[in-house]
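Here are the chains, one letter per residue:
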Amino acid sequence: MNAPLSSSQNQNTGIGRPVPRKEDARLLQGQGRYSDDISLPGQAYAVMVRSAHAHGVIRGIDIEAAKAMPGVLGVYTGADLAEAGFGGLNFQLKIPGRDGSPTKTTPRFALATDHVRFLGDPVAFVVAESAIQARDAAEAVELDVDSLPAVVDLKSALAPDAPEIYAEVPGNLALDFHSGDTAAVDAAFAKAAHIARLDIANSRIVVNAMEPRAALGEYDPASERWTLHAGSQGAFPMRNQLAKDVLKVPNDKVRVLTGNVGGSFGMKAPIYPEYVCVLHAAKALGRPVKWTADRSESFLSDQHGRDHLVTGTLALDEDGKFLAVRFDLLANQGAYLSTVGPLMHTMNIVKNGVSLYRFPLIEVNSRCVLTNTAPIGPYRGAGRPEANYYVERLIDTAAREMGIDRAELRRRNHIRNDELPYLAASGMSYDSGDFTAVMDQVLELSDWQGFAARKAESETRGKLRGIGIGDYLEVTAPPSQEMGGLRFEPNGDVTIITGTLDYGQGHATPFAQVLSDRLGVPFDRIQLLQGDSDELIAGGGTGGSKSLMASGAAIIEAAQKVVEKGRELAASVLEAASVDIEFAEGRFTIAGTDRSISLMDLAGQAEPGALDVQHIFDNAPSAFPNGCHVAEVEIDPDTGVVEVVKYTAVNDFGTIVNPMMVEGQVHGGVAQGIGQALMENTIYDGDGQLLTGSYMDYAMPRADNMPDMVQDYHAVPATTNPLGAKGCGEAGCAGSLPSVMNAVVDALSVYGITHIDMPATPYRVWQAIREKQAA
């Protein structure tokens, strides 16, 4: 085995260094292995048959013509899956309602059998020798549906005469959630000197991952074992749910393999109907079966994100001190509860709604409503950016109404350093932070004081200019177990095995930096194995900005176990007592001597597997990444076009392992936030037909919509995990939504406009200006 790098070389790849991503050269050369890149000998091709009705009763499915078409190997309906004994795609959480009753479940099977409940609801699938033959045959399947009235918007769904989507869910209300002390909050509002109130719409988002979903199913009759190749956010949890809930077999009868994943943002975490279908067909036909979505199919069938109507109220005393905040939400769930269902609209609003402020009280009331639309799932932040957006818009509203400077009002209410650790009204205990210093740093970096001159210059060109703050704090995902496996390979590599999964983040590089720092293993000899459920003994997957806290801590603890094993082996090789063996910079040394052996040489001399470790890291608490972003926009009042012209961000992510990659994560999150703030919008008509079902109708942010960004950090390491990391993957959204929209409202304030909902499209802005001018 190769010797470790020298200490000077290790310094170039250690923690805190901007090391380029390991996988970039391979991916840029087209050598990635995404789900659709995988093909197996003898594979057949599946195409889904989907409902063209948003709501209706299935009277019949005629598959005979399709079965007779050239190349067709099989046509399957929900009856076939039921006969095979397959279970449903179940809601996984327990979220009680205000009366203690459980969330009303919406049983969903891979193929609908009695009712269709949204446009694109799958009812059958065709398998053929080629994808073209399967598509032709799918068009020959005749679906007889008695159409029913559809309900697509939140307020209509709760109307007394609204069509009910499920007889088991009266009034389409899946969950009436409440958190907080209503009497105490009422008392705080009663004594308030000022109450700010705002009605806010949080628009529905189509996730639009760069790589559409795809799946390939196999079945081995000899071992009675299924294998699913599919994009995911964690092979281990997907395997477990697939085995337990759907296939109803022991975990060791199912293997999930995930290669490269071209984006997910929460959307690819669950099991989808198509995955169940290809597994069924693979067993029925005795050959692999593959399905790949096209982009239009993705618009229809992928889980969507966001979609709330919120009334926020903020109580303040005469000095601007926050007394209480209340959020009343209507939250769209779509036609079926997703795997985590109302989590984003309930507990995540509670946890994140108090942000980094000294709120004594918070109350959240969320009515989670079913509609005839695509199911809603997590989307980058999953309630965290939404909650921060709501509170930041309220603070700007209160500042304007009370005549207090926006930054000053925030400063007065920040949690102070001497109050940490701080038990927030949400029940979360913040361990670290320096919130006012972060805001002051970004105000200086963005030249907040020089804005008036920039505004005046914009006016000379006929443009409106506005500036906005987005001060945020996120609560990362709750604790879960994570694997930290280390395997010394015969070729001299060291493989990290862990259950988080990189779907674009670039885990291989920071994980290798952590291991290289702890063990002195050459950075270039460190590999990452993450997407094979057979190799994992634990794993929560990636989500909620927790990967580095979970896998990083697991790697650190596993590395310590390697040192403990290595000390015994080195003692034997060096003919010394193990208590006299010290380890530093990748070498075992007899204390007080120059006699030593490197870890890598020791691994080469030891029996295979002698230094290998399979370790489970047990439950790091949530961390609290935070920051402050400042956006500046220009608006053309004649056209309503909004341009983000300046963007500055200062973030506290605790220990930063790789600043270059962190900068990229923030940049991507900001881009998605700008997309939602200014252009992205999902629209169904009254019959449940998707009007924005392609890129011809659904606007996505492009390079020319992005400003040059200035980023800096104010790192206060977390005390709750060994690395001191806080997570960064979702922070860009949390900072950009409020900062951009606050800037838009600031620019429009010259007309007396005090609020505008996302997306601030040219027409919506132009219309708001014209309405004020006509008033």
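What you are looking at is a predicted structure, and each value in this text was computed from that prediction instead of being measured.

Visitor: In this structure, what is going on with the overall build of the protein chain? I would like to understand it.
Guide: Of the regular secondary structure elements, the protein chain holds 21 helices and 28 strands. Over its C-alpha trace the protein chain gives a radius of gyration of 27 Å, about what one expects of a compact globule, namely 28 Å for 775 residues. Principal-axis analysis of the C-alpha atoms places the extent of the protein chain at approximately 90 × 75 × 55 Å. Across the 775 residues of the protein chain, 59% fall into the buried class. At a minimum sequence separation of 6, the contacts of the protein chain that also span at least 24 residues come to 80%. When the 65 positive and 97 negative side-chain charges of the protein chain are each reduced to one mean point, those points stand 1 Å apart.

Visitor: Where do I start with the pattern of salt bridges in this structure?
Guide: Where charged atoms of side chains with opposite charge meet at close range, the side chains can pair. For the structure on display, the rule yields 44 salt bridges. The partner of R287 in a salt bridge is E129, with the nearest N and O atoms 2.9 Å apart. Pair noted here: R287 is in the loop between α9 (273-285) and β12 (289-292) and E129 is in the loop between β5 (122-128) and α5 (131-140), with a separation of 158 residues, a long-range link. For the salt bridge of R487 with E489, the shortest nitrogen-to-oxygen distance reads 3.0 Å. When salt bridges that share partners are traced, they join D447, R454, E457, R461, R465, E632 and E634 into one network.

Visitor: How should the packing of aromatic side chains be read in this particular structure?
Guide: Aromatic ring pairs are defined here through the distance separating the ring centres and the angle between the ring planes. Within this structure, the stated rule accounts for 18 aromatic pairs. Consider the rings of F322 and F359, whose centres lie 4.9 Å apart with planes at 20 degrees: the pair is stacked. Taken together, the positions of F322 in strand β14 (residues 322-334) and F359 in the loop between α11 (347-352) and β15 (362-370) put the pair 37 residues apart, joining distant regions of the chain. Just as F322 is buried, F359 falls in that class too. Measuring from ring centre to ring centre gives 6.2 Å for Y357 and F359, while their planes differ by 85 degrees; the resulting arrangement is edge-to-face. The exposure class assigned to Y357 is buried, which follows from its relative accessible area of 1%. The side chain of R108 reaches across the aromatic face of Y336, ending 4.6 Å from its centre.

Visitor: Where do I start with the nonpolar core in this structure?
Guide: Soluble globular proteins tend to pack their nonpolar side chains together in the buried interior. Formed by 146 residues in total, the largest nonpolar core has its most connected members in L314, F327, Y430, L678 and V744. The element contributing the most residues to this core is helix α20 (residues 731-748), with 10 residues. Of all hydrophobic cores here, the second largest spans 39 residues; its members include L548, V562, F588 and V657.

Visitor: In this structure, what is going on with the sheet that holds β15? I would like to understand it.
Guide: Strands in a sheet are paired, the pairing made by backbone hydrogen bonds, and the direction either parallel or antiparallel. If you walk across this open sheet you meet the 5 strands as β7-β15-β14-β13-β8, and the pairing is mixed. Where the open sheet ends on each side, the last strands, each with one partner, are β7 (173-179) and β8 (194-205). In this sheet, neighbouring strand axes are inclined to one another by 10 degrees on average, regardless of whether the strands run parallel or antiparallel.

Visitor: Help me out: how do you make sense of the environment of Q614 in this one?
Guide: With respect to the helices, strands and loops of the structure, Q614 is situated in strand β25 (residues 613-617). Assessed through its relative accessible area of 56%, Q614 is described here as exposed. A C-alpha to C-alpha distance of 9.9 Å links Q614 and E535, two positions 79 residues apart in sequence. Aside from chain neighbours lying at most four places away, what touches Q614 is M483, G484, G485, E535 and I537.

Visitor: Teacher, can you tell me more about the environment of G353 here?
Guide: Mapped onto the secondary structure, G353 falls in the loop between α11 and β15. The class of G353 is buried, set by a relative accessible area of 0%. Among residues more than four places away in sequence, those in contact with G353 are F327, F359, I362, A387 and V391.

Visitor: Could you clarify how one ought to interpret the sheet that holds β5 in this entry?
Guide: The 7 strands are arranged β3-β5-β1-β12-β9-β10-β11 in an open sheet whose pairing can be described as mixed. Strand pairing shows two members of the sheet lacking a second neighbour, β3 (72-77) and β11 (254-257), which therefore form its edges. The average undirected angle you get between the axes of adjacent strands in this sheet is 20 degrees. Across 6 bridges, the pairing between strand β1 (residues 44-50) and β5 is antiparallel. The residue bridging V49 from the neighbouring strand is A124, located in β5. Along the sheet, helix α8 (residues 235-247) makes contact with β10 (225-230) and β11, crossing β11 at roughly 145 degrees.

Visitor: What is the right way to look at the confidence of the model for the protein chain in this model?
Guide: Interpreting fine coordinate detail is not advised for predicted regions of low pLDDT. When pLDDT is averaged along the protein chain, the result is 95; 99% of the residues meet or exceed 70. Here residues 1-9 scores under 50 on pLDDT; set against residues more than four positions off or in separate chains, the count is 20 contacts.

Visitor: What is the right way to look at the packing of helix α16 (residues 508-519) against helix α17 (residues 547-574) in this model?
Guide: The geometry of a pair of packed helices is captured by two quantities: the angle between their axes and the separation between those axes. Viewed as axis vectors pointing N to C, α16 and α17 meet at an angle of 30 degrees, and their least axial separation amounts to 10 Å. Judged by the angle between their axes, α16 and α17 are roughly parallel. Crossing hand, α16 versus α17: right-handed. Contacts between α16 and α17 involve F511, V514, L515, R518 and L519 from the former and S547, L548, S551, G552, I555, I556, A559, V562 and V563 from the latter. Taken together, the residues that form the contact of α16 with α17 break down as 10 nonpolar, 3 polar and 1 charged.

Visitor: I'm lost on the pairing of strand β21 (residues 526-529) in this one. Help?
Guide: One face of the sheet, then the other: side chains in a regular strand alternate in exactly this way. When strand β20 (residues 494-497) meets β21, the two strands line up parallel, connected through 4 bridges. The residue of β21 that forms the bridge with T495 is Q527.

Visitor: Got a minute to help me understand the packing of helix α19 (residues 659-678) against α20 in this structure?
Guide: Packing of α19 against α20 brings their axes to within 7 Å, and their N-to-C directions diverge by 40 degrees. Viewed along their axes, α19 and α20 adopt a mutual orientation that is oblique. Handedness of the α19/α20 crossing: right-handed. Contacts from V666, G669, V670, Q672, G673, I674, Q676, A677 and L678 of α19 reach α20 at G732, C733, S736, L737, V740, M741 and V744.

Visitor: Can you walk me through empty space enclosed by the protein in this structure?
Guide: Here the structure, examined in full by the defined rule, presents 4 cavities of 30 Å³ or more. Counted as a void, the largest cavity has a volume near 150 Å³. Lining the largest cavity are 15 residues, with L89, R108, I271, Q303 and S338 positioned closest to its centre. Along its surface, the second largest cavity is lined by T476, A477, P478, P479, S480, K546, M549, A550, F617, A620, P621 and S622. Across the lining of the second largest cavity, the residue classes break down as 8 nonpolar, 3 polar and 1 charged.

Visitor: I tried to follow α19 on my own but got confused; where do I start?
Guide: Because each turn of an α-helix spans 3.6 residues, side chains separated by three or four positions in sequence point in the same direction. Given a rise of 1.5 Å per residue, 20 residues ought to cover 28 Å, and the 28 Å separating the end C-alpha atoms of α19 matches this to within 8%. Across the 20 residues of α19, 14 count as buried, placing the element largely inside the fold.

Rules behind the numbers
- Residues numbered from 1 in each chain as written.
- Predicted model: local features only at pLDDT ≥ 70, side-chain atom pairs only at ≥ 80, totals over all residues.
- Heavy atoms only, no water.
- Helix = DSSP H or I, 4+ residues; strand = E, 2+ residues; numbered from the N terminus.
- Rg over C-alpha atoms; globule rule 2.2 N^0.38 Å.
- Buried < 20%, exposed > 50% of the residue type's maximum accessible area, 1.4 Å probe, protein only.
- Contact = heavy atoms within 4.5 Å.
- Lys, Arg positive; Asp, Glu negative; His and termini not counted.
- Charge placed at Lys NZ, Arg CZ, Asp CG, Glu CD.
- Salt bridge = Lys/Arg side-chain N within 4 Å of Asp/Glu carboxyl O.
- Phe/Tyr/Trp six-rings, centres within 6.5 Å; stacked < 30°, edge-to-face > 60°.
- Lys NZ or Arg CZ within 6 Å of the ring centre and 35° of its normal.
- Core = buried A, V, L, I, M, F, W, Y, C linked by side-chain atoms within 4.5 Å.
- Pairing = 2+ DSSP bridges.
- Axes fitted to C-alpha atoms, helices over the stretch in contact; angles between N-to-C directions.
- pLDDT = per-residue confidence, 0-100.
- Parallel < 35°, antiparallel > 145°, perpendicular 65-115°, else oblique.
- Left-handed = near helix turned anticlockwise from the far one by under 90°.
- Nonpolar A, V, L, I, M, F, W, Y, C, P; charged D, E, K, R; others polar.
- 1 Å grid on protein atoms, 1.4 Å probe; cavity = no way out; pocket = protein on both sides within 12 Å on 5 of 7 lines; lining within 4 Å.
- Points joined across faces, edges and corners; volume = space filled by probe spheres on them.
- Expected span 1.5 Å × (residues − 1).

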